[in-house]
Amino acid sequence: MSINGITTTSYIMGYANRRVKNDPSNSVNHRAIVNQPSKMITLHISKENDPDGKSIGSMADENQSVTVYKPNDFDPANPVYRVKVWDEDGNVTERMVDISKVDPKSCDTIDMFAYSSHLTDSGECKDAQSAFMGISHSDEYNKLFDKKDWFVSLKNMMQMQYDAGNLERYWNFKNFWDFLAK
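Residues numbered from 1 in each chain as written. Predicted model: local features only at pLDDT ≥ 70, side-chain atom pairs only at ≥ 80, totals over all residues. Heavy atoms only, no water.

1. A closer look at the overall build of the chain
Link 1 in the chain: Check the secondary structure of the chain and you find four helices and seven strands.
Link 2 in the chain: In the chain, the succession of helices and strands from N to C terminus is β-β-β-β-β-β-β-α-α-α-α.
Link 3 in the chain: Each of the 182 residues in the chain was classed as buried or not, and the buried ones make up 47%.
Link 4 in the chain: If you take every contact in the chain between residues at least 6 apart in sequence, the share linking residues at least 24 apart comes to 40%. (Helix = DSSP H or I, 4+ residues; strand = E, 2+ residues; numbered from the N terminus. Buried < 20%, exposed > 50% of the residue type's maximum accessible area, 1.4 Å probe, protein only. Contact = heavy atoms within 4.5 Å.)

So, in structure tokens, the structure goes:
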């Protein structure tokens, strides 16, 4: 089990196993309650033998939580992931994301998060998920289901890191840029 997507400014306040309200699979999920300055968020994290598969990425804010699952019958030749989104009322939306069809120049946050989680989990680009988390949380207007050009956000973040003299973080974003630009 892993907890992905928690920044250094956050810390886990509590941890519990609970049935997730309005989850059609009625499975028990591990939940980590994370305290960030002035807000409370919930990450949904898989347990062993979870029917959804292994969680390879989780992110959340005060309004929603997103988890990417590598299905139990995952085929590397046909990389398709299950992504679940919980809204603030606990309602679940589920989507299957075919990584081969994700276009970073025009996709939504859910597809890009699944793609970056895949790249990190597979070892193809170890900085992908971390870089994605940095750019996705830096946007003031970031709706989960709105398509956007992620290269624009990545370029802006790289420039910001470079201007600030944060060259280590700049290179993390640059590695992701170089991988996507292939």
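2. Notes on helix 4 (residues 167–180)
Link 1 in the chain: The terminal C-alpha atoms of helix 4 lie 20 Å apart, and with 14 residues this matches the ideal 20 Å at 1.5 Å per residue to within 8%.
Link 2 in the chain: Listing the buried residues of helix 4 in full gives Arg-169, Tyr-170, Asn-172, Phe-173, Phe-176, Phe-179 and Leu-180. (Expected span 1.5 Å × (residues − 1).)

3. A closer look at the pairing of strand 5 (residues 64–70)
Every regular strand shows the same layout, with side chains that alternate between the two sheet faces.
Link 1 in the chain: Most of strand 5 sits inside the fold, with five of its seven residues counted as buried.
Link 2 in the chain: The pairing of strand 4 (residues 54–60) with strand 5 spans six bridges and is antiparallel. Its bridge partner being in strand 5, Ser-58 is matched across the sheet by Thr-67.
Link 3 in the chain: The loop that links strand 4 with its antiparallel partner strand 5 comprises three residues.
Link 4 in the chain: Sheet analysis places strand 5 next to strand 6 (residues 80–87), joined by six bridges and oriented antiparallel. The residue bridging Val-68 from the neighbouring strand is Val-83, located in strand 6. (Pairing = 2+ DSSP bridges.)

4. Quick notes on the sheet that holds strand 7 (residues 92–98)
Link 1 in the chain: Judged by pairing direction, the sheet is antiparallel, and its four strands sit side by side in the order 4-5-6-7 without closing on themselves. Since the sheet does not close on itself, it has two edges, and those belong to strand 4 and strand 7, each with one partner. Across the sheet, the mean angle from the axis of one strand to that of its neighbour is 20°, orientation sign disregarded.
Link 2 in the chain: Relative to strand 4, helix 1 (residues 109–122) is tilted by about 135°, and along the sheet it contacts strand 4, strand 5, strand 6 and strand 7. (Axes fitted to C-alpha atoms, helices over the stretch in contact; angles between N-to-C directions.)

5. A closer look at the nonpolar core
Link 1 in the chain: In this structure, Met-112, Tyr-115, Phe-132, Phe-176 and Leu-180 are the most contacted members of the largest nonpolar core, which totals 34 residues.
Link 2 in the chain: Listing elements by their share of this core, those giving two or more residues are strand 4, strand 5, strand 6, helix 1, helix 2 (128–138), helix 3 (150–163) and helix 4.
Link 3 in the chain: With six residues, helix 1 is the single largest residue contributor to this core.
Link 4 in the chain: Here Phe-132 is in contact with Met-59, Thr-109, Met-112, Phe-113, Ser-116, Trp-150 and Phe-176, once residues within four sequence places are set aside. (Core = buried A, V, L, I, M, F, W, Y, C linked by side-chain atoms within 4.5 Å.)

6. Side note on the environment of Ser-58
Link 1 in the chain: Residue placement: Ser-58 occurs in strand 4.
Link 2 in the chain: Overall, Ser-58 belongs to the buried group, its relative accessible area being 1%.
Link 3 in the chain: For the pair Ser-58 and Val-83, spaced 25 residues apart in sequence, the C-alpha separation works out to 9.7 Å.

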